Amino acid sequence: MLIACTPDMMCVVRSFHFLIFFLKAHHPSLTTSKASNKPRLGDILQDIWPLLFKTDTHCGNRMKLTSEKLPKNPFYTSQGAAKNQKFVQWIKEKNDHYNHANLMDKALQILKERITKGDAMASFLRGQLYFEEGWYEEALEQFEEIKEKDHQATYQLGVMYYDGLGTAANAEKGVEYMKKIIDSPCPKARHLQFAAAYNLGRAHYEGKGAKRSYEEAERLWLFAADNGNPKASVKAQSILGLYYSTKEPKELEKAFYWHSEACGNGNLESQGALGLMYFYGQGIRQDTEAALHCLREAAERGNVYAQGHLVEYYYKMKFFTKCVAFSKRIADYDEVHDIPTIAQVTGCLPEFISRGMAMASFYYARCLQLGLGITKDEATAQHYYSQACRLNPTLSDELHALLIHQRI
């Protein structure tokens, strides 16, 4: 699904901490209440590389994409951000917090007062607050009211209509709103155009609301990526890395370039992908040290796909106790609730999160089956084999085939 958005802490009520800051700024008198010796790694993992971006040859089925988040708005001063940093430091020193429901009520009350006084930004803030709380019908109504005067509202409407948030899905209408952003000559829309171009590229890639065209998707993503500009769409930079890794014929040097750009701009998905490309010399000279560095950092930051590959590395290196401890933690993620949450927090694609979980589940099952690093338990092993298959049948089939041929 499309994911949106936060332009700036000055203009969007996005987080619980910001709600506290917002209220403290307007009502300083408020008080708080408690709330709630080893073979080469490239040889070891050689068999698993084809699974990295395994797809059919039809480009449109390769990636299930999400949208770029709304970028920060350069028209707002840094004063609010500075104040927020001071507040975050303050809140870390406190032992208690506001009750979330009370914060919501107070924030909506303040926003209503500001709207009554003619504060145009307050109207967007209220719509965004509704959106972040999942009150999509209310958000949609608010954004519709101000769409002619607020480009951010237009962007959010594009997201909501494309994904069917608060309304029946209407990809064509979502695309129409994104085109308005891209075509707008208004300077206040400029910071939104890279993100809108990424989303429009997604529409062409998926053939939803726009004619399916991989060439047009690539063109739009290249525009959105803006030669690696950190202020452009970093998500487009990462997706170009995935795109060049999966298109036929593959263009792995381009893939490595774009993953490098995205990783340098903080993209977690690309950091994990770089680690795997270094493992196997795909688009770059093989470098085990760099591979492990990328994968470990990505895993520490929450990249589940990188975590899954580290599990596989520990197993192949016969670090069974470490493999068991690491793989069980990953395998025990809740696939229904944790995958979307991890995707939202890390920006990683749900497809790759589920692959990482499937890989961890499979190797944990194998350790249980053979009693490696853990007491042998074939019944529990079967449970985790089944889980791996449910999470990603294709990956599980590939791993099972390697097992049959005694390569695992």
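Residues numbered from 1 in each chain as written. Predicted model: local features only at pLDDT ≥ 70, side-chain atom pairs only at ≥ 80, totals over all residues. Heavy atoms only, no water.

Observations regarding the overall build of the protein
A count of helical and extended segments in the protein gives 20 helices and zero strands. Sorting the 408 residues of the protein into buried and exposed places 53% on the buried side. Working note: accessible area of the protein is about 19,100 Å², and carbon and sulfur atoms make up 50% of it. (Helix = DSSP H or I, 4+ residues; strand = E, 2+ residues; numbered from the N terminus. Buried < 20%, exposed > 50% of the residue type's maximum accessible area, 1.4 Å probe, protein only. Areas by Shrake-Rupley, 256 points an atom, 1.4 Å probe, with all protein chains shown as cover.)

Things to note about the packing of aromatic side chains
For the structure shown, the criterion picks out 23 aromatic pairs. Between Tyr-313 and Tyr-314 the ring centres are 5.7 Å apart and the planes differ by 45 degrees, which places this aromatic pair in the tilted class. Exposure class is identical for Tyr-313 and Tyr-314. Each is buried. A centroid spacing of 5.1 Å and a plane angle of 50 degrees characterise the contact between Tyr-315 and Tyr-363, whose relative ring orientation is tilted. Pair noted here: Tyr-315 is in helix H15 (residues 304-316) and Tyr-363 is in helix H18 (residues 350-370), with a separation of 48 residues, a long-range link. Across the pair, exposure class does not vary: Tyr-315 and Tyr-363 are buried alike. Every member of this aromatic cluster is reached through a ring pair, and the members are Tyr-198, Tyr-205, Tyr-214, Trp-221, Tyr-243 and Tyr-244. (Phe/Tyr/Trp six-rings, centres within 6.5 Å; stacked < 30°, edge-to-face > 60°.)

Some points on the confidence of the model for the protein
Scored by pLDDT, the protein has a mean of 84; 77% of the residues are at 70 or more. The low-confidence segment residues 5-61 (pLDDT under 50) makes 168 contacts with residues lying over four places distant or belonging to another chain. In the predicted structure, residues 77-81 sits below a pLDDT of 50 and forms four contacts with residues beyond four places in sequence or in another chain. (pLDDT = per-residue confidence, 0-100. Contact = heavy atoms within 4.5 Å.)

Quick look at a negative patch on the surface
On the surface, Glu-137, Glu-138, Glu-141 and Glu-145 cluster together to form a negatively charged patch. Relative to the helices and strands, Glu-141 is located in helix H6 (residues 136-146). (Patch = residues over 30% accessible without salt bridge, like charges linked within 9 Å, V, L, I, M, F, W, Y side chains within 5 Å. Salt bridge = Lys/Arg side-chain N within 4 Å of Asp/Glu carboxyl O. Lys, Arg positive; Asp, Glu negative; His and termini not counted. Charge placed at Lys NZ, Arg CZ, Asp CG, Glu CD.)

Quick notes on the pattern of salt bridges
According to the stated counting rule, one finds eleven salt bridges in the structure shown. Residue Lys-328 pairs with Asp-332 through a salt bridge whose shortest N-O separation is 2.5 Å. Assessed through its relative accessible area of 35%, Lys-328 is described here as partly exposed. Taken together, the shared-partner salt bridges in this structure form one network comprising Lys-247, Glu-251 and Lys-254.

A look at helix H12 (residues 252-264)
Residues lying three or four places apart along an α-helix face the same way, a consequence of the helix completing one turn every 3.6 residues. Taking 1.5 Å per residue as the helical rise, H12 with its 13 residues ought to reach 18 Å, and the 18 Å between its terminal C-alpha atoms agrees with that figure. Of all the residues in H12, the buried ones are Ala-255, Phe-256, Trp-258, His-259, Ala-262 and Cys-263. As for H12, its buried residues are in contact with helix H10 (214-225), helix H11 (234-246) and helix H13 (268-280). With its phi angle positive at about 100 degrees, Gly-266 sits one or two positions after the end of H12. (Expected span 1.5 Å × (residues − 1).)

Concerning the environment of Val-304
Note on placement: Val-304 falls in helix H15. Classification of Val-304 as buried rests on a relative accessible area of 2%. In the structure, Val-304 is positioned 39 residues away from Ala-343 in sequence and 9.7 Å away in space, judged by C-alpha atoms. Once residues within four sequence positions are removed from consideration, Val-304 is found in contact with Ile-330, Tyr-333, Ile-342, Ile-353, Gly-356 and Met-357.

A look at the nonpolar core
Note that soluble globular proteins tend to have their nonpolar side chains buried in a common cluster. With 82 residues, the main nonpolar core has Trp-221, Leu-310, Ile-353 and Tyr-363 as its most contacted residues. Sort the elements by how many residues they give to this core and H18 lands first, with twelve residues. For Trp-221, the contacting residues outside a window of four places in its chain are Leu-65, Ala-197, Tyr-198, Gly-201, Arg-202, Tyr-205, Ala-236, Ile-239, Leu-240 and Tyr-243. Grouped together as the second largest cluster of nonpolar side chains are 27 residues, Met-104, Phe-124, Leu-129 and Tyr-155 included. (Core = buried A, V, L, I, M, F, W, Y, C linked by side-chain atoms within 4.5 Å.)

Quick look at the packing of helix H14 (residues 288-300) against H15
It is the contact of H14 with H15, at a shortest axis distance of 8 Å, that shows an interaxial angle of 125 degrees. Classified by the angle their axes make, H14 and H15 are oblique. In terms of crossing hand, the pair formed by H14 and H15 is left-handed. Of H15, the residues touching H14 (which contributes Leu-292, Leu-295, Arg-296, Ala-298 and Ala-299) are Ala-306, Gln-307, His-309, Leu-310 and Tyr-313. (Axes fitted to C-alpha atoms, helices over the stretch in contact; angles between N-to-C directions. Parallel < 35°, antiparallel > 145°, perpendicular 65-115°, else oblique. Left-handed = near helix turned anticlockwise from the far one by under 90°.)

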